[in-house]
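Here's the letter readout for the chains.
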Amino acid sequence: MSLSLQAQGLRAGYGRKTVVHGVDFLAREGRVLLMLGHNGAGKTTLVKTMFGLLSPMSGEVLLGQQNITARSPAQNVRDGYAFIPQGHGIFRSLSVADNLSLGGFTEHDPGKLASRKQMIYQLFPILAERAQQIGGTLSGGQQQMLAIGMALMHGPKLIVLDEPSIGLAPNLVEKVMRSIREINQTLGTTIVIVEQNVKASLPVADDVIVLKTGSKVYDGPPDPLQDPVLLMSLF
């Protein structure tokens, strides 16, 4: 199952400073939307606002057909909306297995939790091998896999990942991107990837938007962005 995510005229920022200027976009059900932009383009501010971590200045956020503007993150999680922030967002002092168990806090069916944990171990075999290892001692790539696994534990219909490639070696970035695409294709989950790494993320995208200084400057298919001249003009 999957859900769409939509911004309508969303303005957001900090105090009186506007960072995102009336952005519209739609992450369609069951597809991978890539949100590109340089550092400071407003990507993180936009996705934090849509998840309820920041209050919008104006505009609306829709999850499926439901208006969730400024709704609490906890309610969004209960409705199947997962957000994985920069820096992995794991409990560094707990084991891999305990991190996954905490990721399923919204699910009260032990059978579903056990089934999801096994699915995650199949998707990321290294997590199964290191189930009792403390999360903070994992490599950066393994921590990113664990963060994704924690999100999957509550059976999300939509996952937003903020800079999943940050701080990772190129070979690990490729593994993480392949895993994201596999989740989309296997489970049908709608996925939004927020990235600066164009080369690694473009191949897994169905749709792309590009932000520049808080405004949307591109909204369309990924193929045209293979043109370095166009890409340079957008960045």
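This text goes with the structure placed above it.
Residues numbered from 1 in each chain as written. Predicted model: local features only at pLDDT ≥ 70, side-chain atom pairs only at ≥ 80, totals over all residues. Heavy atoms only, no water.

A.B. asks: I'd like to hear about helix α3 (residues 96-103), residue by residue, with values.
C.D. replies: Those residues of α3 that fall on the buried side of the exposure criterion are Val96, Ala97, Asn99, Leu100 and Gly103. Mapping the buried residues of α3 onto a view down its axis gives an arc of 160°, with all of them on the same face. Elements that come into contact with the buried residues of α3 comprise α4 (110-123), α5 (125-129) and α6 (140-152). (Buried < 20%, exposed > 50% of the residue type's maximum accessible area, 1.4 Å probe, protein only. Helix = DSSP H or I, 4+ residues; strand = E, 2+ residues; numbered from the N terminus. Arc of directions from axis to C-beta. Contact = heavy atoms within 4.5 Å.)

A.B. asks: Describe the pairing of strand β1 (residues 5-14), naming the residues involved and giving the relevant values.
C.D. replies: Bridging between β1 and strand β2 (residues 17-27) involves 7 bridges; their strand directions are antiparallel. Following the sheet pairing, Leu10 is matched in β2 by Val23. Between β1 and the antiparallel strand that follows it, β2, lie 2 residues; Gly15 among them carries a positive phi value of about 60°. Both β1 and strand β4 (residues 58-63) contribute to a ladder of 5 bridges, which runs antiparallel. Counted as the bridge partner of Gln8 is Glu60 from β4. (Pairing = 2+ DSSP bridges.)

A.B. asks: Let's hear about the sheet that holds strand β6 (residues 81-84): which residues, and what values?
C.D. replies: In space, the 6 strands of this open sheet follow the order β6-β7-β8-β3-β9-β10, with mixed pairing throughout. At either margin of the open sheet sits one strand with a lone partner, and together these are β6 and β10 (215-220). Direction aside, neighbouring strands of the sheet carry axes that sit 15° apart on average. Summarising the sheet, strand β7 (residues 158-162) and strand β8 (residues 190-195) pair through 5 bridges and their orientation is parallel. (Axes fitted to C-alpha atoms, helices over the stretch in contact; angles between N-to-C directions.)

A.B. asks: So what about the sheet that holds β2? Which residues, and what values?
C.D. replies: The strand order across the open sheet formed by 4 strands is β2-β1-β4-β5, and the pairing between neighbours is antiparallel. The open sheet is flanked by β2 and β5 (66-67), the only strands paired with a single partner. In the packing of helix α1 (residues 43-51) onto the sheet, contacts are made with β1, β2 and β4, and the angle to β1 comes to roughly 115°.

A.B. asks: I'd like a description of the side chain of Thr45, backed by residues and values.
C.D. replies: Mapped onto the elements of the fold, Thr45 is located in helix α1. A distance of 2.8 Å separates polar atoms of two side chains, one belonging to Thr45 and the other to Tyr14. What Thr45 contacts, discounting residues up to four positions off in sequence, is Ala12, Gly13, Tyr14, Val19, Val20 and Leu54. (Polar contact = N/O pair within 3.5 Å; in protein donor to acceptor, adjacent residues only side chain to side chain.)

A.B. asks: Summarise the nonpolar core; cite the residues concerned and give the values.
C.D. replies: Core analysis: the largest hydrophobic core is formed by 45 residues, its most contacted members being Ile148, Ile193, Val208 and Leu225. Per element, the largest residue contribution to this core is 7 residues, and it comes from α6. Here Leu225 is in contact with Leu36, Leu202, Val208, Val210, Tyr218, Leu230, Leu231 and Leu234, once residues within four sequence places are set aside. Counting residues in each nonpolar core, the second largest holds 29 residues, with Met35, Leu46, Met50 and Phe83 among its members. (Core = buried A, V, L, I, M, F, W, Y, C linked by side-chain atoms within 4.5 Å.)

A.B. asks: Now, about the packing of α3 against α4: what can you tell me, with residues and values included?
C.D. replies: Helix-helix packing is characterised by the crossing angle of the two axes and by the distance between the axes. Direction vectors running N to C along α3 and α4 enclose 130°, while the axes themselves pass 11 Å from each other. Taken together, α3 and α4 sit at an angle that is classed as oblique. Crossing geometry of α3 relative to α4 is assigned as right-handed. Listed contacts from α4 to Ala97, Leu100 and Ser101 of α3 are Lys117, Ile120 and Tyr121. The class makeup of the residues in the contact of α3 with α4 is 4 nonpolar, 1 polar and 1 charged. (Parallel < 35°, antiparallel > 145°, perpendicular 65-115°, else oblique. Left-handed = near helix turned anticlockwise from the far one by under 90°. Nonpolar A, V, L, I, M, F, W, Y, C, P; charged D, E, K, R; others polar.)

Everything listed here is a matter of geometry and, on its own, says nothing about what the molecule does.
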